[in-house]
Amino acid sequence: MKRFTLPITVFFSLLATAALADGARYALKVDGLACPFCSYGLEKRLNKLEGVSDVEIDLTKAQALVDLEEGYTLDEATAKTAVQEAGFSLREFSPVQP
Amino acid sequence: MKTLLVVILGVLAVPTWAAPISFNTALPVTQGEGIVRAQLIRRERNSPGAEVDISALALATGYGLNSRLAVFAAIPLMQKQLNPKQGTAKRTAQGLGDLSLFGRYTVWQQDGPGSTLRIAPLLGITVPTGQDAEHDRFGRLPRPLQTGAGSWAGMAGVVVTRQTLAWQWDGQLAYTHTGHDEGYRPGRRVALDLSGQWRIWPRSLGRGVPGFVYGVLESQWSDSTADQVGRKDTASGGSRWLLAPGLQYISQRWVVESAVQIPIVENLPVGALTDSYVARLSLRTNF
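Reading the values: rules and limits
Residues numbered from 1 in each chain as written. Chains lettered and ligands numbered in written order. Predicted model: local features only at pLDDT ≥ 70, side-chain atom pairs only at ≥ 80, totals over all residues. Helix = DSSP H or I, 4+ residues; strand = E, 2+ residues; numbered from the N terminus. Buried ≥ 20, exposed ≤ 12 C-beta atoms within 10 Å, placed from the backbone. Core = buried A, V, L, I, M, F, W, Y, C linked by C-beta atoms within 7 Å. Contact = placed C-beta atoms within 7 Å. Nonpolar A, V, L, I, M, F, W, Y, C, P; charged D, E, K, R; others polar. pLDDT = per-residue confidence, 0-100. Pairing = 2+ DSSP bridges.

1. Remarks on the overall build of chain A
Here is step 1 of the chain: Within chain A, the regular secondary structure consists of three helices and four strands.
Here is step 2 of the chain: The linear arrangement of helices and strands in chain A, starting from the amino end, is α-β-α-β-β-α-β.
Here is step 3 of the chain: By residue count, 32% of the 98 residues in chain A fall in the buried class.

2. Observations concerning the nonpolar core
Here is step 1 of the chain: Core analysis: the biggest nonpolar cluster contains 63 residues, and A:Leu28, A:Val30, A:Leu33, A:Leu42, A:Ala64 and A:Val83 have the highest contact counts within it.
Here is step 2 of the chain: Excluding residues that lie within four positions of it along the chain, A:Val30 makes contacts with A:Leu42, A:Ala62, A:Gln63, A:Ala64, A:Val83, A:Phe88, A:Leu90 and A:Arg91.

3. Brief notes about the interface of chain B and chain A
Here is step 1 of the chain: With 28 residues of chain B at the contact, the number on the chain A side is 24 residues.
Here is step 2 of the chain: Contributing elements (two or more residues each) for the side of chain B that touches chain A: strand E6 (108-112), strand E7 (115-127) and strand E10 (153-164) of chain B.
Here is step 3 of the chain: Here the residues of the side of chain B that touches chain A are counted per class, giving ten nonpolar, 14 polar and four charged.

4. Focus on the confidence of the model for chain B
Here is step 1 of the chain: Of all residues in chain B, 94% attain a pLDDT of 70 or more, and the chain-wide mean is 91.
Here is step 2 of the chain: Of the regions scoring below 50 in pLDDT, residues 1-18 of chain B engages in 66 contacts with residues more than four places distant in sequence or in other chains.

5. Concerning unusual backbone geometry
What you tend to see is this: most non-glycine residues have negative phi, and most peptide bonds are trans.
Here is step 1 of the chain: Cis peptide bonds are those with omega within 30 degrees of zero, and the linkage from B:Trp201 to B:Pro202 qualifies with -5°.
Here is step 2 of the chain: Positionally, B:Pro202 belongs in the loop between strand E13 (189-201) and strand E14 (212-224).
Here is step 3 of the chain: Positive phi outside glycine occurs at A:Ala62, with the angle close to 50°.
Here is step 4 of the chain: By the C-beta count within 10 Å, which is 23 here, A:Ala62 ends up buried.
Here is step 5 of the chain: Here B:Glu182, not a glycine, exhibits a phi torsion of approximately 50°, which is positive.
Here is step 6 of the chain: Structurally, B:Glu182 is set in the loop between strand E11 (167-178) and strand E12 (184-185).
Here is step 7 of the chain: The exposed category is assigned to B:Glu182, around which 12 C-beta atoms lie within 10 Å.

6. Considerations on the pairing of strand E4 (residues 91-96) of chain B
Residues and elements named next belong to chain B.
Here is step 1 of the chain: Bridge count for strand E3 (residues 69-84) against E4 is six bridges, and the pairing is antiparallel. Each bridged residue has a counterpart across the sheet, and for Lys80 the counterpart in E4 is Ala93.
Here is step 2 of the chain: Adjacent in sequence and paired antiparallel, E3 and E4 are bridged by six residues, among which Gly87 carries a positive phi angle near 75°.

7. Some thoughts on the environment of B:Gln248
All names here are of chain B.
Here is step 1 of the chain: Its place among the elements puts Gln248 in strand E17 (residues 238-250).
Here is step 2 of the chain: The buried category is assigned to Gln248, around which 24 C-beta atoms lie within 10 Å.
Here is step 3 of the chain: In this structure, the C-alpha to C-alpha distance between Gln248 and Arg199, residues 49 residues apart in sequence, is 9.2 Å.

8. Remarks on the sheet that holds E12(B)
Residues and elements named next belong to chain B.
Here is step 1 of the chain: If you walk across this open sheet you meet the three strands as E12-E15-E16, and the pairing is antiparallel. A single partner strand is all that each edge strand has here, and the edge strands are E12 and strand E16 (231-232).
Here is step 2 of the chain: In this structure, strand E15 (residues 228-229) lies alongside E16, joined through two bridges in antiparallel fashion. Within the sheet, the bridge partner assigned to Val229 lies in E16 and is Arg231.

Here it is in structure tokens:
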């Protein structure tokens, strides 16, 4: 059984990577974000956007990376509204190239 | 004895919403999201004739109506105990206190990468939900010992917050206008609160959203008019300045914090109760 462990792990890792690569990713530079507790509100608000599969926040970069499911896109106006509703300001919006 | 009892209440500073430990902040509450806080408070007060112990569990919640307007509610469950140093037995009141409701509107906001500066006025009321006619074996408890004031009160103020990734300070100026009920009116109060919070761990920030530990120092200056109990109570009111060192642990979902307020200056009338300390331990969470 042990000899199958490595190939199975590699297979599923590749599968997961492929799945992530299917959707679009956007980088949102967010101003006003300066503590962990506040960042949770932004994360929850961005997660409510249609098609969002994952949100990663980095406080030092003042950035939120938003991953979308395949077939979905995010426009700047929608991102700006979501960031404002969380109480912050969107400074920069850009798609992340794979 | 009556005078002694009258000065018991002072103002139990029911914590409302805060990033500071003993007052409010101007930091945002996300639209459609809520925050809840539970705070344990222990306050001991002293006079030549008696000691007064107040223990409370104060529950507060906040909800973001939109990106600028948030509403808050706070109510304490409390026990007040009067321990005369001579003679008569102790007297105790316990139960729900008065409900505080207020709104906070951000009128000015300047955001930068990893920093923000916000100004937000506060406006609120206190609803007399606490007990104001409790009895013990000696009869009706004195009004200041009841868990509720028995009357409505209004509060207006402004809070300013400057926050960076390394530190934060908050300042609040607030006025509480108390009402009358059966001849009793707690003193009207103005308070200036300041809080500085410095990140002491981690020293340098890595990727993602690490938990922070803040060292905290808070200052509270307040001035109250005398209580009215049919007539002006000359052993109540006055001004106080308290300092509170504290600690906070802040993660994305939770904040655990504690501070102890210690009197530095008390300019009080003769016979008034002085504060020994006010200790606070609280837990906040996003929901």
